[in-house]
Structure formats: structure tokens, C-alpha cells
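# Topology and contacts: notes
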Amino acid sequence: SLLLGGINAGNGAGFAGPGTLNTPGGAAVLNNTEIWIADTGNNRVIALPLAAGTSNLTQATRVVGQLGYDVNALNLVDGRELFVYAAPDLHGTGIAIDRSSTPNRLYVADSLNNRVLGFKDVRLVGTDVRTLLTQPADIIIGQPDRFHTNLNYPSGNALNPTDQGLFGPQSVAVDAQGNLWVADSFNGRLLRFPSPFAQPAGQAPRANLVLGQANFTTIITDASSSTMGQPTGVVVFNNGDLAASDILHNRILLWRKSGDFVNGQSARAVLGQSNFSNTGVGSSAAGLNRPRGLAVDSSDRLYVADTNNNRILVYSSTSTIGNGATGTSIPNVPTPEGVAVSPS
């Protein structure tokens, strides 16, 4: 009869270790003075030796299925892979190109690995079709390195967001200064990472601004002018203003940039609802039904993938538009999830 210390029945902590288990099950076998255990919740098999002359187990000394004891990814992770689809409502993969840099940079939201991959030269990504993404990402946003996929680094807890970690990021955008904006969906917020490639090497980049929450460590998902339920799209207007889709509350929030944004800043207007507290589904020219991707053209018209209404909605005069404004419909687009607009 043995009690293995630190058994975790799945509390969302997300971290593995040499002496902890997460939902162990499936198999265990004794081999002389050690026991091999299928640590299923951490996606690994570990060997724990008996302490000399006792029946007590010590910390693991061998691991199969991971690169280290503090890693618990679903599969081998080294910065070249994506995990972006798990269920109809659990997917992302936002893409953005930073044209303020030379060469242009590429950012990809690796949603279910809780990170954003950054490539310093978009021209070199996937140039050989036989060895797509042979080179790993040059920078990882949301993780300490390219081998980890834990949510909300470094806390590893769904209830404890930080200024470095992410939880299901679904969309990315880059502003004129090269700052990266991330729709951090399951944390109900937008994060701004200042010029990620210029941040100190060897550590997870830190965000310097949050919208949708009061600060970097709180989660309030009620509908209001300063809180969001689940942002899935983010876009930067030509004048620096922002818009984000809130799929949980069937709306779009718009923020005005006056000098610079401040943490927790209230949105100036809402689309899809008549006020900031309403959350209902709508199919009229003023309603939305689970909107996702966003785009902006050279005239600052806002394009919305109104997913469950099977259409694209287009809003004009976005710098002065008010609550509950109507959009022009492009109908008969089956469940659109993203939208892009050419320079012309």
C-alpha cells in the first residue's frame, strides 16, 4: 500500500514535476526497486525508485514521453507545431504580419498550446514543402521557451492569469509601432506585447497593457464597457484605435486611443448590442450572433465575420459610430470565422 505524494486530480494547475502525478491511471508495474507509473494527466510514464531500505518512493528519476519533468504537452513540442482545433468552439489560429519591420515578421496564434509563435522573417517560413516549418519559431509569446504549453505561465492555473501567460489565444494583430496585440480568449482580455523581438532574450515576453480586465491578474467575464467574456478577434484601425469581437456576449467593443491606452480602459462603443450590458443574439443589421474574425480596410471600415448569422457585416464611420449601429450585410457566407481585406 503506497501513497504517492502530490496526486493532482485535475485542478487546472497545468504543471508537472518529478514528484507529482496528474490523474494517474492506465498502468503501473514494479521492477525490482522502482515502480513505473502511467501519469496520464501529464502525458508521460515515469519511474519512481524506492528509497534504500524502505518502502517509500522518492522523486522520479526517469521519464518517457516528455523532454523534462516540468513539461506535460500532448505530444513532443519544440516550437514547430500547432494545436488549434479540439472541438467546434475550441479553435483559433489567428495570423498577423508585422510590416513595420524589415524583413516582415509573422505571428501565429497557437491557441490550444497557449502561446503565439513569432518568426522574424516571413519569407523563410515553410519554404520547403517537404519539411514545412523545419525551423522552430524564433520567439514564443506566452511560454518560457518553445518546449512548454502550460496555460497562464508561470502560475499554470486557469484562475490566475499573469502578464506573461496566455490561455487559449485566438487572434493577433500588430500596430504601427510593431506592438503585438493578442486576444487572450479564455482570460477574457486583450494583451499588448511591446515589440516582442526587442524584449530580453531567455524569458517569456511581458505584456505592458491589458484591455477587457482591470489588471493582469483578474478575470471578470460579465458584460460591461471594461470587461469581456471571450474575445476571439482583434484588429487595429489606421488611427491606432482598437476593436475586438466578444463571442460570448455577441458583440464588438471599440476603444479610442488618446495618446495611449490605459489598463482596464472602458470601450467607447459597442456593436451588436444596444448597450454594454446586453448579451443577446441578434440577426438584424444591428445584431450579431457569435462574431469571430475582424478586418479593417484603408478607409477604416470594419468587417466582421458574423459566424452564426452566416454573413459578413461591414461598418462604416467607425471613428464616430455609436452603440448598436447597423452594418451592411454580405449574406450567404456559411459560418465565416475569419475575414481579410486587400489593400485595394
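For the structure itself, look to the data block above.
Anyway, here's the lowdown on the structure attached to this text. Since the structure is predicted, the reported quantities are computational estimates derived from the model, not experimental observations.

### As for the pattern of salt bridges
Any two side chains of opposite charge can pair, so long as their charged atoms come close to each other. Counted by the stated rule, this structure contains 13 salt bridges. As a salt-bridge pair, aspartate 39 and arginine 44 come within 2.8 Å of each other at their nearest N and O atoms. Owing to a relative accessible area of 0%, aspartate 39 belongs among the buried residues under this scheme. In this structure, aspartate 78 and arginine 80 form a salt bridge, with 2.8 Å as the shortest nitrogen-oxygen distance. A single network of salt bridges, built from pairs that share partners, joins Glu81, Asp110 and Arg115.

### Quick look at the environment of leucine 74
Mapped onto the elements, leucine 74 comes out in the loop between strand S6 (62–64) and strand S7 (85–87). On the basis of relative accessible area, leucine 74 is assigned to the exposed category, the value being 52%. A C-alpha to C-alpha distance of 6.0 Å links leucine 74 and asparagine 43, two positions 31 residues apart in sequence. Ignoring any residue separated from it by four or fewer positions in sequence, one finds leucine 74 in contact with Asn43 and Phe83.

### So, the packing of aromatic side chains
Summed over the entire model, instances satisfying the criterion amount to 3 aromatic pairs. Between tyrosine 107 and phenylalanine 197, the aromatic rings sit 6.1 Å apart at their centres with planes inclined by 55°, giving tilted as the arrangement. Separated by 90 residues along the polypeptide, tyrosine 107 in strand S10 (residues 105–110) and phenylalanine 197 in the loop between strand S15 (189–193) and strand S16 (209–211) bring together distant segments of the chain. Take tyrosine 107: its relative accessible area is 1%, and that puts it in the buried class. A ring pair is formed by phenylalanine 167 and phenylalanine 186, whose centres lie 5.2 Å apart and whose planes are at 70°; its orientation type is edge-to-face. You can see phenylalanine 167 sitting in the loop between strand S12 (139–141) and strand S13 (169–174) and its partner phenylalanine 186 sitting in the loop between strand S14 (180–184) and S15, a full 19 residues away along the chain.

### Comments concerning the environment of proline 231
When you line up the elements, proline 231 lands in strand S17 (residues 231–236). Along the backbone, proline 231 and isoleucine 247 are 16 residues apart, and their C-alpha atoms lie at a distance of 6.2 Å.

### As for the sheet that holds S16
Taking strand neighbours across the sheet as the criterion, the 4 strands line up as S13-S14-S15-S16 in an open arrangement whose pairing is antiparallel. The sheet is open, and its two borders are formed by S13 and S16, each paired with just one other strand. Across the sheet, the mean angle from the axis of one strand to that of its neighbour is 20°, orientation sign disregarded.

### Comments concerning the nonpolar core
Ranked by internal contacts, the top residues of the largest apolar core, which has 17 residues, are Trp181, Leu190, Leu211, Leu242 and Trp255. Counting only elements with at least two residues in this core, the list comes to S14, S16, S17, strand S18 (242–246) and strand S19 (251–255).

### A look at the side chain of asparagine 179
Relative to the helices and strands, asparagine 179 is located in the loop between S13 and S14. Residue classification places asparagine 179 among the buried residues on the basis of a relative accessible area of 12%. Among the polar contacts made by the side chain of asparagine 179, one reaches the main-chain amide nitrogen of serine 195 at a distance of 3.2 Å. In this view, asparagine 179 contacts Ala173, Val174, Arg192, Phe193, Pro194 and Ser195; residues no more than four positions away in its chain are not counted.

What counts and what doesn't
- Residues numbered from 1 in each chain as written.
- Predicted model: local features only at pLDDT ≥ 70, side-chain atom pairs only at ≥ 80, totals over all residues.
- Heavy atoms only, no water.
- Salt bridge = Lys/Arg side-chain N within 4 Å of Asp/Glu carboxyl O.
- Buried < 20%, exposed > 50% of the residue type's maximum accessible area, 1.4 Å probe, protein only.
- Helix = DSSP H or I, 4+ residues; strand = E, 2+ residues; numbered from the N terminus.
- Contact = heavy atoms within 4.5 Å.
- Phe/Tyr/Trp six-rings, centres within 6.5 Å; stacked < 30°, edge-to-face > 60°.
- Pairing = 2+ DSSP bridges.
- Axes fitted to C-alpha atoms, helices over the stretch in contact; angles between N-to-C directions.
- Core = buried A, V, L, I, M, F, W, Y, C linked by side-chain atoms within 4.5 Å.
- Polar contact = N/O pair within 3.5 Å; in protein donor to acceptor, adjacent residues only side chain to side chain.

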